[in-house]
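Chain residues, written in single-letter form:
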Amino acid sequence: MIPIAKPLIGEEEINGVMNVMRSGTIAEGPKVKEFEEEFAKYVGVEHAIAVNSGTAALHVALLAKGIGKGDEVITTPFTFIATSNSVLFTGAKPVFADIEENTFNIDPESIKNKITKNTKAIIPVDLYGHVADMKAIMDIAEDHDLAVIEDACQAHGATQNGKMAGSYDVGCFSFYPTKNMTTSEGGIITANDGKFAEKARMAKSHGSKVRYYHEMLGFNLRMTDIGAAIGLAQLKKIDVFNEKRMANAKLLNEKLKDVSGIIMPSAMPGCKHVFHQYTIRVTEEYGMSRDDVIKMLNDAGIGTGIYYPLPIHQQPFYKELGYDETHPVAEKISKEVISLPVHPSVTAEDIDFISERLKR
Ligand SMILES: *Cc1c(COP(=O)(O)O)cnc(C)c1O
């Protein structure tokens, strides 16, 4: 079986964890601090605040931006549920804008149509490892005085015109084992604004700067030194991991280019797409339903994923909340996408095998 995702854990990660275990400091401690410093350097920002998941990163970022009841936050319906749920956690309202067909990311024109006097922030998502149209989004945010919380949970190391994902206003990353790098569970927030960083640190740790003095309602969303030790080892390898993903994606693009009915993923000019997912669209001309394609691949031992089969505004829980709008592009795309394995353990022979099956 070629799995759709596989974390690569080596001796460096294992030794790092063992050292933490022997140190006796197993919760948040010096390794978390070191990981924060190294990650901030990697993204090229002043501050990084480690937390225990990507979901927590989004939640804490919104809290530290002061977003809550009565506020609206514009985001994409074509993402993992955590993106918009984090808005609900704060009491604010997620407002969905449709996506662009070619990048699967939020459409800046659609964002403009959703802005009201209650809009406080935009959460673009760098879906599959391709940075959203950040230039256009930052311009809109500036015109309307909005915060931008970039959900870069799938985009460690991705760039747009040389600028790193997570280096704009606020960035949120996940280190779940299927992501481009891992800490087991984990997440991190990146920012340049010192005041924001201070508030984020409070929000993830019971609202206190000084232990047992509480200035705001906070949570316990801290990363552990065990996770940070894994993250420090992974951070040294992330660029190599990403290069392998990109090389696999390039091979698949070459091999699938003559197959009619399959639309391959492409990077926009100036974008380094880090292929958290390599996602094709299967259209009618292919002559086989998506379900049948998935079955054919799975039967051949090829893992697949559908990210995501149902846009968030159509999820039962959101319907209950009263969402009854349509976002035609997200709805169409969600019925066409299949992700294929390109993670660093996938070999050139695996790529041959996958493309042969799809050609047949
Ligand atoms: C993984 C992911 C999250 C949530 O991260 P967790 O670490 O699983 O909490 C949020 N948004 C996107 C786009 C993701 O892919």
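What counts and what doesn't
- Residues numbered from 1 in each chain as written.
- Predicted model: local features only at pLDDT ≥ 70, side-chain atom pairs only at ≥ 80, totals over all residues.
- Heavy atoms only, no water.
- Helix = DSSP H or I, 4+ residues; strand = E, 2+ residues; numbered from the N terminus.
- Rg over C-alpha atoms; globule rule 2.2 N^0.38 Å.
- Buried < 20%, exposed > 50% of the residue type's maximum accessible area, 1.4 Å probe, protein only.
- Areas by Shrake-Rupley, 256 points an atom, 1.4 Å probe, with all protein chains shown as cover.
- 1 Å grid on protein atoms, 1.4 Å probe; cavity = no way out; pocket = protein on both sides within 12 Å on 5 of 7 lines; lining within 4 Å.
- Points joined across faces, edges and corners; volume = space filled by probe spheres on them.
- Nonpolar A, V, L, I, M, F, W, Y, C, P; charged D, E, K, R; others polar.
- Near = heavy atom within 4 Å.
- Polar contact = N/O pair within 3.5 Å; in protein donor to acceptor, adjacent residues only side chain to side chain.
- Pairing = 2+ DSSP bridges.
- Right-handed = clockwise from strand over helix to strand, strands pointing away.
- Salt bridge = Lys/Arg side-chain N within 4 Å of Asp/Glu carboxyl O.

Visitor: If you had to explain the overall build of the protein chain to someone new, which residues and values would you point to?
Guide: Broken down by element type, the protein chain carries 13 helices and 13 strands. Compactness check: the protein chain gives a C-alpha radius of gyration of 20 Å against a globular reference of 21 Å for 360 residues, within 12% of the reference. Once the C-alpha set of the protein chain is aligned to its principal axes, its extents read approximately 65 × 55 × 35 Å. Within the span of the protein chain, comprising 360 residues, buried residues form 56% of the whole. Surface exposure of the protein chain reaches about 15600 Å², of which carbon and sulfur atoms provide 52%.

Visitor: For the layout of surface pockets, give the residues involved together with the corresponding values.
Guide: Of the pockets and cavities examined, the largest pocket occupies roughly 530 Å³. Lining the largest pocket are 22 residues, with Glu28, Lys204, Ser205, Arg211 and Arg222 positioned closest to its centre. Mapped onto the lining of the largest pocket, the elements with two or more residues apiece are α2 (30-43) and β1 (47-51). Tallying contributions element by element places α2 first for the lining of the largest pocket, with five residues. When the residues that make up the lining of the largest pocket are grouped by side-chain class, the tally is six nonpolar, six polar and 10 charged.

Visitor: Can you break down the site of the ligand residue by residue, with the values?
Guide: Taken together, 15 residues are adjacent to the ligand, and Gly54, Thr55, Asp151, Ser174 and Lys179 come closest. At 2.8 Å, a side-chain N or O of Asp151 approaches a nitrogen atom of the ligand. A distance of 2.8 Å separates an oxygen atom of the ligand from a polar side-chain atom of Gln154. Out of a free accessible area of 380 Å², the ligand has 93% covered by protein chains.

Visitor: Go over the pairing of strand β4 (residues 119-123), please, and point to the residues and values.
Guide: A regular strand places its side chains so that they alternate between the two faces of the sheet. The element β4 is extensively covered by neighbouring structure, given that four of its five residues are classed as buried. Sheet analysis places β4 next to strand β5 (residues 147-151), joined by two bridges and oriented parallel. Residue Ala121 lies in a different strand from β5, and its bridge partner there is Ala147. Handedness of the crossover joining β4 and β5 through helix α6 (residues 134-144) is recorded here as right-handed.

Visitor: How would you summarise unusual backbone geometry if you had to cite specific residues and measurements?
Guide: The omega angle of the peptide bond from Tyr307 to Tyr308 is 10°, so this bond is cis rather than trans. Position of Tyr308 among the secondary structure elements: in the loop between α10 (290-299) and α11 (316-320). Residues other than glycine seldom take positive phi values, yet His206 does so here, at roughly 60°. Here His206 lies in the loop between α7 (194-203) and α8 (225-235). A positive phi angle, near 45°, is found at Phe275, a position not held by glycine. With respect to the helices and strands, the residue Phe275 is situated in the loop between β11 (271-272) and β12 (278-282). Given the relative accessible area of 7%, Phe275 is considered buried.

Visitor: Pulling in residues and values, what's your account of the sheet that holds β11?
Guide: Ordered by their spatial adjacency, three strands build an open sheet running β7-β6-β11, and the pairing between neighbours is antiparallel. The open sheet has two edge strands, β7 (163-164) and β11, and neither has a second partner. Bridge count between strand β6 (residues 159-160) and β11: two bridges; the pairing is antiparallel. Note on β11: the bridge partner recorded for Gln160 is Cys271.

Visitor: I'd like a rundown of the pattern of salt bridges, residues and numbers included.
Guide: Charged atoms that come close allow side chains of opposite charge to pair. All chains considered together, the criterion is met by 19 salt bridges. Here Asp139 makes a salt bridge to Lys135, at a shortest N to O gap of 3.0 Å. Linking Asp139 with Lys135, this pair stays in helix α6, spanning four residues, or about one helical turn. Given the relative accessible area of 37%, Asp139 is considered partly exposed. Here Glu336 makes a salt bridge to Arg281, at a shortest N to O gap of 2.8 Å. Taken together, the residues Glu336 in the loop between α12 (328-334) and β13 (337-340) and Arg281 in strand β12 connect sequence positions 55 residues apart. You can call Arg281 buried: its relative accessible area is 6%.

It is worth stressing that arrangement in space is one thing and function is another; only the former is reported here.
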